[in-house]
Amino acid sequence: MSIKVKIFINENTTIWDNFINCSNNGTLFHYRSFLNYHENIQFEDHSLLFYKDDKLIAVLPAAIKEGCFISHPGVSFASFIYQDKLSFVDSNDIVVQFLHYVAQLDYKHIRITLSPSCYSHVESDYIEFCLHSNGFKYQKIELSNIVELGESFEDLYNTYKSSSRQAHRKAKRSKISVKQSDNFDEFYDILRNNLALRHNVSPTHTLSELKKLKKLFPEKINLFSAELDGEIIAGVVNFICNQNTVLAFYISHKPNFQKLRPLNIIFSNIFQWAIDNRYKYYDFGLFTVNGEPNLSLARFKESFGATGTFRKTMILDQ
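Residues numbered from 1 in each chain as written. Predicted model: local features only at pLDDT ≥ 70, side-chain atom pairs only at ≥ 80, totals over all residues. Heavy atoms only, no water.

### Some points on the overall build of the protein
Keep this limit in mind: Counting from the N terminus, the helices are DSSP H or I runs at least four residues long and the strands are E runs at least two residues long. Between the two quantities, the radius of gyration covers C-alpha atoms and the globule rule is 2.2 Å times the number of residues to the power 0.38. In this scheme, a residue with accessible area under 20% of its type's maximum is buried, one over 50% is exposed, and one in between is partly exposed, where area comes from a 1.4 Å probe on protein chains only. We call two residues in contact whenever any of their non-hydrogen atoms come within 4.5 Å of each other. Shrake-Rupley sampling with a 1.4 Å probe provides the accessible areas, and residues are treated as covered by the protein chains on show and by no other component. Counting rule for charge: Lys and Arg are taken as positive, Asp and Glu as negative, and neither His nor the chain ends is counted. Note that the charge is assigned to NZ on lysines, CZ on arginines, CG on aspartates and CD on glutamates.
Along the backbone of the protein there are 10 helices and 17 strands. The C-alpha atoms of the protein give 21 Å as radius of gyration, which agrees with the globular expectation for 318 residues (20 Å, within 12%). Each of the three principal axes of the protein carries a C-alpha extent, and together these read 65 × 40 × 35 Å. Buried positions account for 53% of the 318 residues belonging to the protein. Pairs at least 24 residues apart make up 74% of the contacts formed inside the protein by residues separated by at least 6 positions. A total accessible area of about 15,200 Å² is found for the protein, and carbon and sulfur atoms account for 47% of it. Across the protein, 35 positive and 34 negative side-chain charges occur, with their mean positions spaced 6 Å apart.

Structure below.
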């Protein structure tokens, strides 16, 4: 039987979230409460569900923005979320029926940002192949740094470059303490000032949005802070995306404390926590912007043993 496409409605929320829970590549970003948290919405949600023989086998968080059909703009990546071991035939049928559905709505431009492979329990390139074989082209390819966490922190620590191990020891001698904290206000001031000073941009989330997400997902978002004499001097906000992968969403420090290397000791503590909780990968986030690499950022992340993984965006003009 052919694939049937249905538009998401609020009555489908429980069905949607239950599917994300048991899917191959669903993440924190794809739950309906995450997709709906935005304060200043500038798009129309148009998420889709794909059924085969009345069984839900895939969903697509998506929206209409500026006359284009795009994967949901409120999250880092939002391609097709599917069940484990989706067959090639079903993958192709999903893509074909999706294109037929969008064509009926008369949207000429489609843009999909694929989920990186580290977020899948079972790796599969079927959907990407089927998008490509049905006319999609690569609009851009960005690179993110990921760390394969392994079985023990000691083994991971041995993959650090000497510069990172030295920085870790320096931070410990400085009597910096690292802990999980709920002091998002103080960290956000550091983050906002840093981004304004270095890049003349604002954080992706407002402080109220970040607090709202923390309240919605108290076990899925955490802040690791480095403190010296009771003052937060650096921090990392992690999004626990699924049982595979933890994503560093915000990384920031006070510039006048950089010489103490607080981020190095924070990341070591995060890795220990992640390994203890049996996560497989730590995603440091992108180090490229529009395909242009930030070499110093890449070197810093590579000093922890990180390697590169793609974050791809594909487009189709019908």
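Back to the text.
### Looking at the packing of aromatic side chains
As a reminder of what qualifies: Two rings from Phe, Tyr or Trp (for Trp, the six-membered ring) form a pair when their centres sit within 6.5 Å of each other. Planes less than 30 degrees apart are called stacked, planes more than 60 degrees apart edge-to-face, and all others tilted.
Summed over all chains, the structure comprises 36 aromatic pairs. Aromatic side chains Phe 29 and Phe 77 sit 5.4 Å apart centroid to centroid with 90 degrees between the ring planes, which places their arrangement in the edge-to-face category. On the criterion of sequence distance, the pair formed by Phe 29 in the loop between helix H1 (13–22) and helix H2 (32–35) and Phe 77 in the loop between strand E6 (68–71) and strand E7 (81–82) is long-range, its members being 48 residues apart. We note that Phe 29, like Phe 77, is buried. Centre to centre, the rings of Phe 267 and Phe 304 are 5.5 Å apart; their planes meet at 65 degrees, and the pair counts as edge-to-face. With Phe 267 in helix H9 (residues 262–276) and Phe 304 in the loop between helix H10 (295–302) and strand E17 (307–317), the pair connects residues that are 37 residues apart, well separated along the chain.

### Comments concerning the sheet that holds strand E2 (residues 44–45)
As a reminder of what qualifies: When DSSP finds at least two bridges between two strands, those strands are taken to pair. Throughout, an axis means a line fitted to C-alpha atoms (over the contacting stretch in the case of helices), and angles, computed between N-to-C directions, take values from 0 to 180 degrees.
An order of E2-E5-E6-E8-E17-E9-E14-E13-E12-E11-E10 is seen for the 11 strands of this open sheet, with the pairing classed as mixed. The open sheet has two edge strands with one neighbour each: E2 and strand E10 (177–181). Its contacts with the sheet place helix H4 (residues 126–133) against strand E9 (137–148) and E17, and it is angled at close to 35 degrees to E17. The strands that helix H8 (residues 207–216) touches are strand E11 (221–228), strand E12 (231–240) and strand E13 (245–253); relative to E11, the one it contacts most, it runs at about 115 degrees.

### With respect to the nonpolar core
One recurring pattern in soluble globular proteins: nonpolar side chains tend to sit buried together. Put simply, the rule reads: Nonpolar core, defined: a set of buried Ala, Val, Leu, Ile, Met, Phe, Trp, Tyr and Cys residues in which side-chain atoms within 4.5 Å join the residues together.
Core analysis: the largest hydrophobic core is formed by 38 residues, its most contacted members being Phe 29, Phe 34, Val 59, Val 237 and Phe 239. Counting residues per element, this core draws most heavily on helix H7 (residues 184–199), at 5 residues. The contacts of Phe 34, once residues within four sequence positions are left out, are Leu 28, Phe 29, Gly 74, Val 75, Leu 213, Phe 217 and Phe 239. One finds Tyr 160, Ala 226, Val 236 and Ile 265 within the second-largest nonpolar core, a separate group that totals 33 residues.

### Some words on the layout of surface pockets
Convention followed: Only protein atoms enter the 1 Å grid, on which a cavity is a set of points fitting a 1.4 Å probe that cannot get out and a pocket is an open set with protein on both sides within 12 Å along at least 5 of 7 lines, lining residues being those with an atom within 4 Å of a point. Grid points are joined across faces, edges and corners, and a volume is the space filled by probe spheres set on the points.
Considering only enclosed or pocket space, the second largest pocket measures out at about 330 Å³ in volume. For the lining of the second largest pocket, the leading source of residues is E17, giving 4 residues.

### With respect to the sheet that holds strand E1 (residues 4–7)
Pairing within the open sheet is antiparallel, and its 4 strands lie in the order E1-E3-E4-E7. Two strands in the sheet have a free side with no partner beyond their single neighbour: E1 and E7. Bridge count between strand E3 (residues 48–52) and strand E4 (residues 55–60): 5 bridges; the pairing is antiparallel. Note that in E4 the partner of Phe 50 across the bridge is Ala 58. Running over the sheet, helix H3 (residues 88–105) touches E1, E3 and E4 and is turned about 130 degrees from E3.

### Some words on H8
Since the α-helix packs 3.6 residues into each turn, any two residues three or four apart lie on the same face. Formally: Picture the helix axis, draw a direction to every C-beta atom, and the arc is the one those directions span.
Of the residues making up H8, those classed as buried are Glu 209, Leu 210, Leu 213 and Lys 214. In an axial view of H8, the angular spread of the buried residues amounts to 140 degrees, which keeps them on one side of the axis. Looking at the buried residues of H8, the elements they touch are H2, H7, E11, E12 and E13.

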